[in-house]
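# What the coordinates show
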Amino acid sequence: MAIERKWWKEQVIYQIYPRSFKDSNGDGIGDINGIISKLDYLKLLGVDIIWLSPIYQSPNDDNGYDISDYYAIHPEFGTMEEFDMLLKGLHDRNMKLIMDIVVNHSSDEHKWFEESRKSKVSPYRDYYFWREGKDGGPPNNWQSFFGGSAWELDKTTGEYYLHIFSKKQPDLNLENEKVRNEIFKILEFWLDKGVDGFRMDVVSLISKRLDFVDANQPTFGKVVEEVYSNGPRVHEYIKEMYDTVLSKYDIMTVGEGPGITTDVGLDYVGHDRGELNMIFHLDHMFLGFGPKGRFDQVPYNWNDVKNIFKDWYDAMGDSGWVSIFLDNHDFARMVSRFGNDKLFRIESAKLLSMLVLTMRGTPCIFQGSEIGMTNVRAEDISEYRDVETINFHKEFVTEGMSTFDFINIANITGRDNARTPIQWNDSPNGGFCDADDEPWIGVNSNYESINVKQALSDRGSVFYFYKELLHLRKNAPALIYGNWEVIDQESDNLYVYKRYLENEAYLVVLNHSDEHVAVDIEHIKAKILVISNYDNRMTQVLLPWEARLYKLLNV
Ligand code: ISL
Ligand code: CA
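Note that the structure is predicted; figures quoted are calculated from it, not measured.

## Overview of the coordination of the calcium ion (ligand 2)
- The protein atoms donating to the calcium ion (ligand 2) are D23 (OD), N25 (OD1), D27 (OD), I29 (O) and D31 (OD), with metal-donor distances spanning 2.2 to 2.3 Å.
- Read N to C, the donor residues that coordinate the calcium ion (ligand 2) are spaced as D-x1-N-x1-D-x1-I-x1-D.
- Given the relative accessible area of 35%, D27 is considered partly exposed.

Shown next, in the form of structure tokens:
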């Protein structure tokens, strides 16, 4: 059977983390008007679908992933009228908007939870998971993603509630039909406003294993996979959302899924499942995470990444779809993690963009990657804002690590690396806000050389490379729907693959290293170089981080 053609396979997603995108009113916090002021920039780049990280009312314990009112815009970001203008501004430019929807948990300041915690007989008690403690401690040994027990004792009733993330993010109980109906109402509210779909936060976690048995797996990753994710009713819940609401609109959905492995991927996105359109699987993003998670780094290499891409391609076949991405607001900057952000920043940022835009799957670009923004180098723990980094700092220091060592790790892997403000120009605060305003998190000190203004004035910039590739992809069905065949699966630094569909074919040749590397492509005779990150080189030796896209003729 031929692969199904869909608009959401052909378009490209760009993620906006609103807090860090553009401040329009001097409070140091990015906002909706700031985004509106940059719509022409996004259009110029050539992306199609904006994924907006949460902008709802929130006490911001986890920067909006803790929602206290799903129907209101957080005043820091603006008003509902401004939101409507943003949506219209995008639609006027033939672009789309997908909302980030977080239904695994709410904020503890949501009225449901405030009611729920009041008494054991509250009509909202069953909106969350309340359990008695065991042997003077929590009901089981589950750990929170953000450190410590996943259970918090609430004094009012003497019971514990479950929070897989921070204690200000109590898990919603979707076993309760009322909760599911609330969720349908929320989805409908935003769809009726005209949004074009959803990114569903941790959708793999929404059904719990109700026996709440202790986790006995060796690593945190395994616990997520085998205990927290893919619970018994997860597909029933997603299908119900699809049948009741989602299927009635021409929209797209992408599920974010820690713990979704290749074995179960198609259960979420198989085209006949009536569930989600695509997933963000996190296998390659969790590489390097040791038994205790991201601050417990273990080595990995490029081949591990390649193997994961191969396994997912094979697992999806022609019947499922993924998004292709190498960074987002939860991970290090792409060029710092998978490239060389010092000696070959521009070359490697371009190489990675070629990878993201030529694989099979809907590409997702994280804000700032289009200008090759890098990780930060914080020197003091007070520079961090992320609840995860702050909590684990305490935990690791208690266990004997020095703050100095912890900061060195956080500078490699912490989420704030991706959350510093977009560098718009070389003025103080990088043009994110005015020089005399105080941004909510410090601007990366390299803003004077790495910024949008510079990128737009330089034809050889990372920005224009993205722009050209985005344009190429749009007009090349083989790069969207084509089969993908890797030529050098074993190589640790080369990544060479073909994309082909009917009589159209492309060859992508990437040197993922600081070295000169020979590549054997001479036997592929009829080919023309379409785009590369060095000047028109056709030789058999690739320069460091050289990336070439060839069109193959006579196929
Ligand atoms: O960043 C992580 C913790 O180490 C990831 O495991 C992340 O928590 C996971 O991918 C789920 O992320 C999503 O849900 C979180 C939120 O903090 C993240 O920002 C969001 O992308 C809870 O809502
Ligand atoms: Ca602002």
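So, next bit.
## Here we look at the packing of helix α9 (residues 262-269) against helix α10 (residues 302-316)
- Between α9 and α10, the least distance of the axes is 9 Å, while the angle of their chain directions is 45°. When the axes of α9 and α10 are compared, the pair comes out oblique. Every pair of crossing elements has a handedness; the one defined by α9 and α10 is right-handed. Where α9 approaches α10, its residues T262, G265, L266 and V269 are matched on the opposing element by D311, W312, A315 and M316.

## Quick word on the site of ligand 1
- Taken together, 19 residues sit near ligand 1, with D62, E256, R294, D330 and E388 positioned nearest.
- Measuring from an oxygen atom of ligand 1, one finds a side-chain N or O atom of E256 at 2.7 Å.
- Here an oxygen atom of ligand 1 and a side-chain polar atom of H329 are 2.9 Å apart.
- In isolation ligand 1 exposes 490 Å². Once the protein is present, 98% of that is buried.
- If you map ligand 1 onto the pockets, it falls in the largest pocket.
- Residues of the shell around ligand 1, tallied by class, amount to 7 nonpolar, 3 polar and 9 charged.

## So, the environment of Y124
- Along the polypeptide, Y124 turns up in the loop between α5 (111-116) and β6 (130-131).
- The exposure class of Y124 is partly exposed, given its relative accessible area of 26%.
- Separated by 10 residues in sequence, Y124 and E114 place their C-alpha atoms 8.8 Å apart.
- Excluding anything up to four places from it in sequence, Y124 contacts W112, E115 and S116.

## Some points on the domain arrangement of the protein
- Assigned domains within the protein: domain 1 (11-105 + 177-465), domain 2 (111-162) and domain 3 (483-552).
- Between the C-alpha centres of domain 1 and domain 2 the distance comes to 28 Å.
- Contacts between domain 1 and domain 2 engage 27 residues on the former and 16 residues on the latter.
- Counting each side, the surface lost to burial between domain 1 and domain 2 is near 1,900 Å², with a carbon and sulfur contribution of 65%.
- Counting the surface domain 1 buries against domain 2, the share from its top three residues, E182, F212 and Y228, is 30%.
- Counting every contact that joins domain 1 to domain 2 gives 0 salt bridges.
- The interface formed by domain 1 and domain 2 includes 8 residue pairs in polar contact (both at pLDDT 80 or more).
- When residues of the side of domain 1 that touches domain 2 are traced back to their parent elements, those giving at least two are α6 (177-193), α7 (220-228) and α13 (387-398).
- Each residue belonging to the side of domain 1 that touches domain 2 can be placed in one class, and the counts come to 15 nonpolar, 3 polar and 9 charged.

## Digging into unusual backbone geometry
- Unlike most non-glycine residues, F212 shows phi in positive territory, near 45°.
- Structurally, F212 is set in the loop between β9 (197-200) and α7.
- Here F212 falls in the buried class, since its relative accessible area comes to 8%.

## Some thoughts on the packing of aromatic side chains
- Under the criterion given, the structure shown has 40 aromatic pairs.
- Taking 5.6 Å as the distance between ring centres and 40° as the angle between the ring planes, the aromatic pair formed by F295 and F392 counts as tilted. Linking F295 in strand β13 (residues 293-297) with F392 in helix α13, this pair joins segments that are 97 residues apart in sequence. Here F295 and F392 have matching classes, each one buried.
- For the ring pair F396 and F406, a centre distance of 5.9 Å and an interplane angle of 65° mean the geometry is edge-to-face. Taken together, the residues F396 in helix α13 and F406 in helix α14 (residues 403-413) connect sequence positions 10 residues apart. Residues F396 and F406 agree in their burial class; the two are buried.
- Joined through ring pairs, the aromatic side chains of Y56, Y70, Y71, F83, W112, Y124, Y127, F189 and W190 make up one cluster.
- Directly above the aromatic system of W130 lies the positively charged group of R125, at a separation of 3.9 Å from the ring centroid.

## Observations regarding the layout of surface pockets
- As a volume, the largest pocket reaches approximately 930 Å³.
- Contributing to the lining of the largest pocket are 48 residues, with F145, F220, G221, V224 and F286 lying nearest its centre.
- Of all the secondary structure elements, the ones that give two or more residues to the lining of the largest pocket are α7, β12 (289-290), β13 and α13.
- With 7 residues, the single largest contributor to the lining of the largest pocket is α7.

## Considerations on the nonpolar core
- By size, the foremost hydrophobic cluster in this structure holds 144 residues, and its most contacted members are Y14, L42, V47, F83, W190, F198 and Y495.
- At 8 residues, the largest contribution of residues to this core is made by helix α16 (residues 462-474).
- Sequence-distant contacts of F198, defined by excluding residues within four places in its chain, comprise I98, M99, I101, L187, W190, L191, L246, M252, T253 and V254.
- Among the nonpolar cores identified, the runner-up in size contains 20 residues, and Y160, L162, F212 and V387 belong to it.

## A look at the pattern of salt bridges
- Scanning all chains against the criterion turns up 36 salt bridges.
- When the shortest N-O distance is used, the salt bridge between K222 and E225 registers 3.2 Å. Within this pair, K222 and its partner E225 are both found in helix α7, separated by 3 residues, close to a single helical turn.
- On the basis of relative accessible area, K222 is assigned to the partly exposed category, the value being 31%.
- Through salt bridges that share partners, D62, R294, D330, D386, E388, R415 and R419 make up one connected network.

Scoring rules and cut-offs
- Residues numbered from 1 in each chain as written.
- Chains lettered and ligands numbered in written order.
- Predicted model: local features only at pLDDT ≥ 70, side-chain atom pairs only at ≥ 80, totals over all residues.
- Heavy atoms only, no water.
- Donors = N, O, S within 2.8 Å, 3.2 Å for Na, K, Ca; no water.
- Buried < 20%, exposed > 50% of the residue type's maximum accessible area, 1.4 Å probe, protein only.
- Axes fitted to C-alpha atoms, helices over the stretch in contact; angles between N-to-C directions.
- Helix = DSSP H or I, 4+ residues; strand = E, 2+ residues; numbered from the N terminus.
- Parallel < 35°, antiparallel > 145°, perpendicular 65-115°, else oblique.
- Left-handed = near helix turned anticlockwise from the far one by under 90°.
- Contact = heavy atoms within 4.5 Å.
- Near = heavy atom within 4 Å.
- Polar contact = N/O pair within 3.5 Å; in protein donor to acceptor, adjacent residues only side chain to side chain.
- Areas by Shrake-Rupley, 256 points an atom, 1.4 Å probe, with all protein chains shown as cover.
- 1 Å grid on protein atoms, 1.4 Å probe; cavity = no way out; pocket = protein on both sides within 12 Å on 5 of 7 lines; lining within 4 Å.
- Sits in = over half its atoms within 2 Å of the grid points.
- Nonpolar A, V, L, I, M, F, W, Y, C, P; charged D, E, K, R; others polar.
- Domains from an automatic or database assignment.
- Buried area = accessible area lost by both parts, 1.4 Å probe.
- Salt bridge = Lys/Arg side-chain N within 4 Å of Asp/Glu carboxyl O.
- Phe/Tyr/Trp six-rings, centres within 6.5 Å; stacked < 30°, edge-to-face > 60°.
- Lys NZ or Arg CZ within 6 Å of the ring centre and 35° of its normal.
- Points joined across faces, edges and corners; volume = space filled by probe spheres on them.
- Core = buried A, V, L, I, M, F, W, Y, C linked by side-chain atoms within 4.5 Å.

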